[in-house]
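Residues per chain, in single letters:
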Amino acid sequence: MKKCIALLLTLMLLLSCAPALADGNSSADSLLLNLEHNCPNTGVMLPDTFSPYQTSYILTVADWVSRVTFTPTANGVIYVNGVQVPSGSKSQVIQMTDEPQQVTIQVVNGSTTTYTVFLQRRPSERRTRVSAGYISDIYMSGSKYFIAADLVTVNYLSSKYEDGNRSSFYNDSSYLYKYAVDPNCAFFYMNNGVATRARDIYEFQNNIKMAGWDDPDMFRIVYMEDEIVAVMPYSADY
């Protein structure tokens, strides 16, 4: 714990003291014009707004994220951890571990500017939680089934018990979340207006409309630890 606190304090100090240009021979021609990453839904960047003149950042992602890529844009030649990346293209995959790591992005155009992104995962959020969204795919990897879902943001009417769980939702992205399915997961689908429990994942898959279909079905998805334990029809009215 002390090691993590010390590391965080060091990173914060680096951010607050970061020079306008990392290298003494840098110029405006060798600045990044933009920098994006592939974790917009779960990633938190500090500072939260990219600036060509800010050369150090911390990117914290969800504990389950395993692959991070960056999309840098510049007028010069760009290197991400020493690998050349065309401007506006995704970099090679940075494999995440439970240890903090450093990504170096260099722009060379007559002079050189070096940017540093410190990558880390948030502490595990292994707990029971409920999401809602459209199922895009149900597939097997190895010996386990997985569900890929386009999750939505749910806004409940209020926190009062008498209001029940009535809610509305909006979909602000099309990022697919992929979770393993518990072998004893409970699946429910709508059958003539009645929520019906499927005998197994095959019956469930055969009785739903997934994303990509006309008028796809929407579901509440219940997670426990890192696995889906229940899937049931969503309605804004119950």
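What counts as what
Residues numbered from 1 in each chain as written. Predicted model: local features only at pLDDT ≥ 70, side-chain atom pairs only at ≥ 80, totals over all residues. Heavy atoms only, no water. Helix = DSSP H or I, 4+ residues; strand = E, 2+ residues; numbered from the N terminus. Buried < 20%, exposed > 50% of the residue type's maximum accessible area, 1.4 Å probe, protein only. Polar contact = N/O pair within 3.5 Å; in protein donor to acceptor, adjacent residues only side chain to side chain. Core = buried A, V, L, I, M, F, W, Y, C linked by side-chain atoms within 4.5 Å. Contact = heavy atoms within 4.5 Å. Salt bridge = Lys/Arg side-chain N within 4 Å of Asp/Glu carboxyl O. Pairing = 2+ DSSP bridges. Axes fitted to C-alpha atoms, helices over the stretch in contact; angles between N-to-C directions.

**A short note on the environment of tyrosine 57**
Here's step 1: You can see tyrosine 57 is positioned in strand E3 (residues 56-61).
Here's step 2: A relative accessible area of 1% places tyrosine 57 in the buried class.
Here's step 3: Between the C-alpha atom of tyrosine 57 and that of proline 47, which follows or precedes it by 10 residues, the distance is 6.3 Å.
Here's step 4: Here serine 51 takes part through its backbone oxygen, which lies 2.9 Å from a polar atom of the side chain of tyrosine 57.

**A short note on the nonpolar core**
A general tendency of soluble globular proteins is for nonpolar side chains to be buried together.
Here's step 1: Counting residues in hydrophobic clusters, the biggest one holds 24 residues, and the most contacted among them are Leu59, Val68, Phe70, Val103, Ile105, Val117 and Leu119.
Here's step 2: For this core, the secondary structure elements donating two or more residues are strand E1 (32-37), E3, strand E5 (70-74), strand E6 (77-80), strand E9 (101-109) and strand E10 (111-121).
Here's step 3: Those residues within four positions of isoleucine 105 in sequence are excluded, and the remaining contacts are Leu32, Leu35, Ile78, Tyr79, Val80, Thr113, Thr114, Tyr115 and Val117.

**Remarks on the pattern of salt bridges**
Here's step 1: Per the stated rule, a full pass over the model turns up three salt bridges.
Here's step 2: For the salt bridge of glutamate 203 with arginine 199, the shortest nitrogen-to-oxygen distance reads 2.8 Å.
Here's step 3: Classification of glutamate 203 by relative accessible area gives buried; the value is 15%.

**Side note on the side chain of threonine 116**
Here's step 1: When you line up the elements, threonine 116 lands in strand E10.
Here's step 2: Residue class for threonine 116 comes out buried when judged on its relative accessible area of 14%.
Here's step 3: The residues contacting threonine 116, other than those within four sequence positions of it, are Thr55, Ser56, Tyr57, Gln102 and Val103.

**Re the sheet that holds E3**
Here's step 1: The strand order E2-E3-E10-E9-E6-E7 describes an open sheet built from six strands, whose pairing is mixed. Across the chains shown, the open sheet's two edge strands, defined by having one partner strand only, are strand E2 (44-46) and strand E7 (83-85). Direction aside, neighbouring strands of the sheet carry axes that sit 25° apart on average.
Here's step 2: As paired strands, E2 and E3 are joined by three bridges and run antiparallel to one another. Along E3, the bridge assignment pairs leucine 46 with isoleucine 58.

**A word on unusual backbone geometry**
Most peptide bonds take the trans form, and the phi angle of most residues other than glycine is negative.
Here's step 1: Residue proline 47 is reached from leucine 46 by a cis peptide bond, and omega for that bond is -5°.
Here's step 2: With phi around 55°, asparagine 192 is a residue other than glycine that occupies positive phi space.
Here's step 3: If you trace the backbone, asparagine 192 turns up in the loop between strand E15 (176-191) and strand E16 (194-197).
Here's step 4: Residue classification places asparagine 192 among the exposed residues on the basis of a relative accessible area of 78%.

**Description of the environment of threonine 60**
Here's step 1: With respect to the helices and strands, the residue threonine 60 is situated in strand E3.
Here's step 2: By relative accessible area, which is 14% here, threonine 60 ends up buried.
Here's step 3: Counting along the chain gives 58 residues from threonine 60 to phenylalanine 118, while the straight-line C-alpha distance between them is 8.3 Å.
Here's step 4: In contact with threonine 60, not counting residues within four places along its chain, are Thr42, Gly43, Val44, Gln120, Arg121 and Arg122.
Here's step 5: A distance of 2.9 Å separates a polar atom in the side chain of threonine 60 from a polar atom in the side chain of glutamine 120.

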